[in-house]
Amino acid sequence: MIRRLFDIIANNAVPAVFIIISAFAIPLSGYSASYLIQELLTRIGRNSFLILSLLIPIMAGMGLNFGMVLGAMAGQIGLLFICDWGIVGIPGIVLACLIGTPIAIILGIFCGHVLNRAKGREMVTSYILGFFINGVYQMVVLYLMGWIIPITNPALLLSRGYGVRNAVSLLGIRGILDNLIPTVITGTQGAGQFFNAQGGNPFILLQIPLIDGSIRIPLATLIVIALFCVFIIWFRKTKLGQDMRAIGQNQAVSDSAGIPVNRTRIIAIVISTVLACYGQIIYLQNMGTLNTYNSHDQAGMFSIAALLIGGASVSRASIANVFLGVILFHLMFIVAPVAGKNLIGDAQIGEYFRVFVSYGIIAIALVLHAWKRNREREAARRSLRGNKGGE
Amino acid sequence: MKLKLTVISLLVFALFAGAAFAEPAKFHIGIMTGTVSQSEDDLRGAELMIKMYGDSANGGMVTHITYPDNFPSEQETTISQIVGLADDPLMKVIVVNQAVPGTAEAFRRVREKRKDILLLAGEPHEDPGVITEAADIATHTDHIGRGYTIPLGAQKMGAKTFVHISFPRHMSYETLGLRRAIMEEACKDLGIKFVFETAPDPTSDVGMAGAQQYILENMPAWIEKYGKDAAFFCTNDGHTEPLLRQVAALGGFFVEADLPSPLMGYPGALGIDLSKEQGDWPAILKKVEEAVVKAGGGGRMGTWAYSWGYTTTAALAEFGKRYIDNGHDKDPKYIGSAKALKDMREAYDAFCPGAHWGASYFIEAATGVKNAKFILLRQDTYVLGGGYLGLADVEIPEKYFQIRMTPVKN
Amino acid sequence: MSAIFNEYCEILTEFLAQWGISLELGLLIAALILWLLLYIGRGLAFFRFLMRWYQRLIILAGLIALGFWLFYIGREHKIYLDNKAMNDYKPFEQVNVSINGGTSAELMARDRDLRKVVGPEFELKAEVLDDNGEIVSTVTKTINLGFSKDIMINLPVLVGGSGDFIVPAPR
Amino acid sequence: MLLRLDHVGKEFYGNRVLSDISFDIDAGEIIGLVGENGAGKSTLLNILFGMPVIASTGGYEGTVQVDGKTVHFTSPNQALAAGIGMVHQEFSLIPGFTATENILLNREVLRGSSMSYVFSDRVSTLDREAMNSRAITAINTLGVNISPDMIVSEMPVGYKQFIEIAREIDRKNTRLLFLDEPTAVLTESEAEILITALKKLARSGIAIVFISHRLSEVKELCSRILVLRDGRLITDQKAEDLTTRQIASFMVGRESEKREVQQPIEIPDNPIDTISASEMLNPSPKKKRKKIRPALKVEHLWVDMPGETVRDVSFDVMKGEIFGIGGLAGHGKLGIPNGIMGLYPSGGRVKLFGKRLILNKPRAALGRKMAFVSEDRRGVGLLLDEPLDWNITFTAMQTQGRFLFGIPFIFQMRNERAMSKEAQKFIDQLSIKCTGPHQLASELSGGNQQKVCLAKAFVLKPDILLICEPTRGIDIGAKTLVLDTLREYNRENGTTIIITSSELEELRSVCNRVAIVDEGKIAGILPASSPAEDFGMLMMGQTKNNNDNNIDIENVNVNVNGEGEISA
């Protein structure tokens, strides 16, 4: 009985630690409920698609796909093109996806082939691959764009005539998806104020008496994410999904059953990369600014951290993990700096506190995962030698 | 269980609330700067404001936060931190110095919720057009005006030749390349000979030590070639230190550094220990001045008396405070008016006793359109052992705004 | 690229014109034929492999077409409005221009203003005012930009009724 | 005539592993195929199953006929298409999948969709209901009751075996089924059910080839028994005509010649009290009796060594004894010394001269004056790119601080001269063929390398020496030399030696007693002088030594002598 309780805690240690820290940090930060909910909703809309793109390689037993950065880069290239051509609104976003897709597919196939040569070390390989492709990306964007690849918009190009500027404003598609179906929740008083601020644009209004202030809901983005979740559920039910689950559990057995292991693994990575490409486009349409050389940097790291914090492991992750992870991880990101500042009284300590807590917990998540795996291995060993083995 | 946790954390909170100000402030000013490791001067400016107006946690006026050290990658955090400031209903002014990437987007989000907050950006990293579309006012060092005032200062100090030391990577930057073009034009107009010298890039294979060595070894030859009445200017901070040492020892003029401050180059070049004077700018200036005069560089070497980052944080916050105090928030035409420009200048002057600032609106070279939200500032040059040159009030001739960046040939 | 595309469209239009079919109708008929082939292909197990690639090709073509369509309808154009003299047409004292029924731009003589529109087609309404501020004449014009990007419209020429009121945009 | 083999033979690089195998199988027949390790069973299966390894090493001789037509499979898929199914010894099941998913692995029932038409069939969804009904049909054929939704990892071991067989049955055309050691992991009752199921299956017309080392099961199930030894078909007889003892003797071969056999050291019931008493009762006939006490006492040892799992092993080794551990490959005999030395995770209790040994710490074992010669000579045993003197003295230097001079823990240097001297001593003693102590280990032949490994262990002056596969991969002359060296060393120094080897004859020639390991447990311990068939019977799982009192030699003897069938 106690052992079982211990198991439950051990299996959910990471989310538990986060919930406890958040329980302390939220009151310390002094943020209002409406601000926190707003920020969380924004971040769910912004980040969950990226994180969801990690699920399929995990299913195929390839671990956490640090190579999703490749997809993010493909998405950014798509965005750079639509910015250059001046395509705005939903057509802009869809066109960016269309342009990003083939690039992501090519990068995904490349990544898949490399990972097939590095079986068992997929995570570290994809991580390093991310750096390598980042170099290629920088060369393309910094030297080839405007020189070999036609980019003409002066707002995009460095004044020397080639190379893209460090920061590209995405005003044309900023918040387009988030505000496609404008929806807002307000308290009983907040409605009028919000109407004034909006200048009378139409939107769906929900009133919940308990809330002060107003909360905008990125409804269309959430719908897209929901559709994506449906896609993943459907995908699990397909033959391809079944094959990936089989490969994820035992490659040798799957191979002997005639499942094309290597090909399936490549498909898993390609799907993940393409989805990461779309995820990055959704992310950036919310951010409104493309940091040409840095936006993709942390996309992989933060998505993976969030997924781990949501209780996923290197070998098992569910949709629920994704959403729990986004909420807990980003709650920490929002609350920790101010909580740290209020706790210690120095602004920069708040920032250091955030870095310490956030990254520290990622480390804890990985250590706990390793520990858990060792425990499982030991349990398997115990069952191997039967009941007589003693201790 | 959860209730208990909340109670405990609230107790902790109360513990740190500490001594409260007698009367809570009517409104709050939010300041975001880098950390000590990223940009110390900016942070010290914010600490000055907390000293002056109190911490909002204790009933004062100032809420100070910092952006991540790794700001290029962690834009999300920067944005939510700034938007988080706007969660405080008393927040009326938000100052971000330096306005790292993401500030424009954060300002847009603040705008969506709160129209009543004054948004100020210091030293924006984003393009002028992007940041001012969201911010009320952005301030930047005056790379155009200084293209004229630095040669002018050199002329006033008695220089006949102006030596511009840089390298191709820097010259491909918009601001640095444009300033060089203006300097060249200004020298022509002022009757000074303009010379461009190339020095190794410290980020290349020679490294910082090699680049500094190059300056040390070449200065005697340059002095020989251009004479003792040549003024030297370099775009790289690493080059500044050996350049200062050689100017003090061999002769020549040094108007001001690329990023002028008494702390720029001088302590290292002349071996000045400033640990006791930390944060006290007049004392720092005095000590540096003594050292320069002792080294024989009196009257030949200049700087800005006060650090740009430090002053900007404080001045923007002060400007915001005055804006609310004087009721300018009721006046929709205030931003962009001549009055605002004057007020901004005064706010900067307030933290630089003795020094003056020159301020002008930014004019987009390509279109010739004035951007009334983007203010360029330059401080009067202080010649060590010679006093202020009075460059702050110099009117920049219109023609220099029309100059466009020319590609470097060498 | 857009120039090449325009050229292809023109060639195709001419080609179709031989049978008196417009471009849109031609594309529709082509799509119908392709769909029919696709439908027949389902039944032919023998050609299954071939058909699969054939259909992939169709879908690829569909996606590329979608890309062009998005490019066409989603493009933002800068419309410079110019109230300056050109080809013997004199600038007006004041002309108010509104695009797609938006807020109107008031242009005095020799003024230039900028409006942005999304999509290939827009409706421009220009009201010419006299010294007293009375509306003298109103001109409404629907302009199709096609695949081009930014244009400048010379208002005196436009109101004057001459066809070549579109001038290249300044860069 | 379903399958016929005609003079099938196979050579691997000049090494003959199969010769002149001819037999045939009819539909619905159950045939038992038995043989020791290396008898050629797996090669035969590889040929029949079209494994690529056969084609890549030059194909095989003779012909294989299915339904009277000569076939030549080059891939397992062709064999599958011809209706030959195979259930492997290791489970090829996906642990997290349900029974249904495993039975229909990569043969799932799909629903068509328009997406699948454009991409491929792999994007069609699975038809779970149809899959379940097919799985149930297959399971029912076996006459067992397993829920199709049960997750495989949660199943008892026996169920997994059924799932594996059900998968082959589900293949519509399966007519001939090879079962490789299907009962190895089953309990008695599960094996019982399986045998019933297989009989039922055979009645439905499927021919079965049953490979097992449990002779009683083979006898119970099969109608015909084939015995392979050294690549030859020794016998092909009706099961009724054979006794288990006969089968065992076919497998291990007959007693060929008189050998010198070491006498077992007497084991007193209570070593401490009765030493003198036993000495009085049994005065040694030949040698001067050494003082007897258990040098090594192993109780309930388990070792998690991949492929050589030890489940529950207890035995005593007397001081001065040469103790052999034998058994079939993969049953855990190698795991025992590796586990005791702490090279693989292990548990249980090991006592060395009455004092408990800390497990899982190789250094602790070395510190207690135990030496180990690994079966992996080139990987673990030798530093191949170092000279001989280095190799010989390295462990002694590391664990005992010998061959060093200087101040301990602060500044120490190798005493090269002492190293060379010691090495030279062993080179002479063991007559290692080399140019001198400075030759590199990689330049020596296999037998001489093995001698270097022994020298390395001898240098430690161990109380107990554990040696794994001392003669693997070395020629016959060298074999004798190595074994003689061991015997001599034991006689001169009274060192206790534990030898693990897959060659039973070798163990019988050098050891006092030999323990046979079967399925991770000790099947029995016999004096080396016992007849070879007895060892064969133990290896074939004929004797389950149920009470853990493994010193009960007499009982075993009696049972075995009592003509076969033992109630285990």
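Everything numeric here is computed off the predicted structure, so don't read it as measured data.

Asks: How do you make sense of a nonpolar patch on the surface when you look at a structure like this?
Replies: Together, L25, L28, I29, I33, L34, W35, L36, L37 and I40 of chain C give the surface a local cluster of nonpolar side chains, amounting to about 840 Å² of exposed area. Secondary-structure assignment places I33 of chain C in helix 2 (residues 23–43).

Asks: For this particular structure, what's the right way to read the sheet that holds strand 1 (residues 3–12) of chain D?
Replies: Sheet strands associate in pairs through backbone hydrogen bonding, adopting either a parallel or an antiparallel arrangement. Residue and element names in this part refer to chain D. Strand order in the open sheet formed by four strands is 2-1-4-5, with antiparallel pairing between adjacent strands. For this open sheet the edge positions go to strand 2 (15–25) and strand 5 (69–71), each flanked by a neighbour on one side alone. Each strand of the sheet is rotated relative to its neighbour by a mean of 30 degrees, with strand direction disregarded. Of the strands in this sheet, strand 1, strand 2 and strand 4 (61–66) touch helix 1 (residues 41–48), which is tilted by about 115 degrees from strand 1.

Asks: For this particular structure, what's the right way to read the packing of aromatic side chains?
Replies: The way to describe two aromatic rings as a pair is by their centre distance and the angle between their planes. All names here are of chain A. Applying the stated rule across the entire model yields 31 aromatic pairs over all chains. Plain terms: the ring middles of Y31 and Y35 are 4.5 Å apart, the flat faces sit at 40 degrees to each other, and that makes the pair tilted. Note on Y35: relative accessible area 4%, which makes it buried. Plain terms: the ring middles of F110 and F132 are 6.3 Å apart, the flat faces sit at 40 degrees to each other, and that makes the pair tilted. With F110 in helix 6 (residues 89–116) and F132 in helix 7 (residues 122–144), this pair connects stretches of sequence that are 22 residues apart. Using a relative accessible area of 34% as the deciding quantity, one classes F110 as partly exposed. Put simply, the rings of F49, F228, F231, W234 and F235 touch in pairs and so form one group of aromatic residues.

Asks: I would appreciate a short explanation of helix 14 (residues 319–344) of chain A in the present structure.
Replies: Every α-helix carries 3.6 residues per turn, so stepping three or four residues along brings you back to the same face. Residue and element names in this part refer to chain A. Helix length check: helix 14 (26 residues) gives 37 Å between terminal C-alpha atoms against 38 Å at 1.5 Å per residue, within 8%. Bending of helix 14 peaks at approximately 40 degrees at the position of V335, with proline P337 no more than four residues after it. With 20 of its 26 residues buried, helix 14 lies for the most part within the structure. Positive backbone phi, at 95 degrees, marks G345, one or two positions downstream of helix 14.

Asks: How should I be thinking about the interface of chain B and chain A in this particular structure?
Replies: One frequently used descriptor of interface size is the decrease in accessible area upon assembly of the parts. Counting residues at the interface gives 47 residues for chain B, matched by 49 residues for chain A. Of the roughly 4,200 Å² buried between chain B and chain A on both sides combined, carbon and sulfur atoms contribute 48%. The largest per-residue losses of area from chain B upon contact with chain A belong to E76, D87 and K113 of chain B, which jointly make up 15% of the total buried on that side. The tally of links from chain B across to chain A stands at three salt bridges. For the salt bridge of E76 of chain B with R46 of chain A, the shortest nitrogen-to-oxygen distance reads 2.7 Å. The tally of links from chain B across to chain A stands at 10 residue pairs in polar contact (both at pLDDT 80 or more).

Asks: Help me out: how do you make sense of the nonpolar core in this one?
Replies: Most often, soluble globular proteins keep nonpolar side chains buried together rather than apart. Within the largest apolar cluster, 175 residues are counted, with the highest numbers of intra-cluster contacts made by L52, M145, M244 and L307 of chain A together with I94, F107 and F162 of chain B. When near neighbours in sequence (up to four residues on either side) are disregarded, M145 of chain A contacts I77, L80, F81, V140, I151, L157, Y162, G163 and V164 of chain A. If you look at the next biggest cluster of nonpolar residues, it comprises 130 residues, including A99, M341, V373 and M539 of chain D.

Asks: Looking at this structure, I do not really get the domain arrangement of chain C. What am I missing?
Replies: Residues and elements named next belong to chain C. Structurally, chain C comprises domain 1 (2–74) and domain 2 (77–168). On a C-alpha basis, the centres of domain 1 and domain 2 stand 38 Å from each other. In this assembly, eight residues from domain 1 lie in contact with six residues from domain 2. Here domain 1 and domain 2 share zero salt bridges between them. On inspection of domain 1 and its partner domain 2, the count reaches zero residue pairs in polar contact (both at pLDDT 80 or more). Among the secondary structure elements, those contributing two or more residues to the side of domain 1 that touches domain 2 are helix 1 (2–17) and helix 3 (48–74). With five residues, helix 3 is the single largest residue contributor to the side of domain 1 that touches domain 2. Here the side of domain 1 that touches domain 2 is composed, by residue class, of five nonpolar, three polar and no charged.

Asks: In this structure, what is going on with the interface of chain A and chain D? I would like to understand it.
Replies: The partner chain D presents 29 residues to the 27 residues of chain A that form the contact. Summed over both partners, the interface of chain A with chain D buries about 2,500 Å², with 56% contributed by carbon and sulfur atoms. Viewed at the interface, chain D and chain A are joined by three salt bridges. Residue E108 of chain D pairs with K239 of chain A through a salt bridge whose shortest N-O separation is 2.8 Å.

Asks: What exactly am I supposed to notice about the domain arrangement of chain D here?
Replies: Residue and element names in this part refer to chain D. Annotation of chain D at the domain level lists domain 1 (1–83 + 174–182 + 195–254), domain 2 (92–172) and domain 3 (256–369 + 506–568). A straight line from the C-alpha centre of domain 1 to that of domain 2 covers 28 Å. Taken residue by residue, the interface counts 10 residues in domain 1 and 10 residues in domain 2. Interface area for domain 1 against domain 2, summed over the two sides, is near 870 Å², with a carbon-plus-sulfur share of 64%. Counting across the domain 1 and domain 2 interface gives zero salt bridges. Taken together, the links from domain 1 to domain 2 amount to three residue pairs in polar contact (both at pLDDT 80 or more). Listed by contribution, the elements that provide at least two residues to the side of domain 1 that touches domain 2 are strand 7 (176–180) and helix 8 (188–203). Among the elements that line the side of domain 1 that touches domain 2, the one with the most residues is helix 8, at four residues.

Calculation rules
- Residues numbered from 1 in each chain as written.
- Chains lettered and ligands numbered in written order.
- Predicted model: local features only at pLDDT ≥ 70, side-chain atom pairs only at ≥ 80, totals over all residues.
- Heavy atoms only, no water.
- Patch = residues over 30% accessible without salt bridge, like charges linked within 9 Å, V, L, I, M, F, W, Y side chains within 5 Å.
- Areas by Shrake-Rupley, 256 points an atom, 1.4 Å probe, with all protein chains shown as cover.
- Salt bridge = Lys/Arg side-chain N within 4 Å of Asp/Glu carboxyl O.
- Helix = DSSP H or I, 4+ residues; strand = E, 2+ residues; numbered from the N terminus.
- Pairing = 2+ DSSP bridges.
- Axes fitted to C-alpha atoms, helices over the stretch in contact; angles between N-to-C directions.
- Contact = heavy atoms within 4.5 Å.
- Phe/Tyr/Trp six-rings, centres within 6.5 Å; stacked < 30°, edge-to-face > 60°.
- Buried < 20%, exposed > 50% of the residue type's maximum accessible area, 1.4 Å probe, protein only.
- Expected span 1.5 Å × (residues − 1).
- Bend = angle between axes of the 7 residues up to and from the residue.
- Buried area = accessible area lost by both parts, 1.4 Å probe.
- Polar contact = N/O pair within 3.5 Å; in protein donor to acceptor, adjacent residues only side chain to side chain.
- Core = buried A, V, L, I, M, F, W, Y, C linked by side-chain atoms within 4.5 Å.
- Domains from an automatic or database assignment.
- Nonpolar A, V, L, I, M, F, W, Y, C, P; charged D, E, K, R; others polar.

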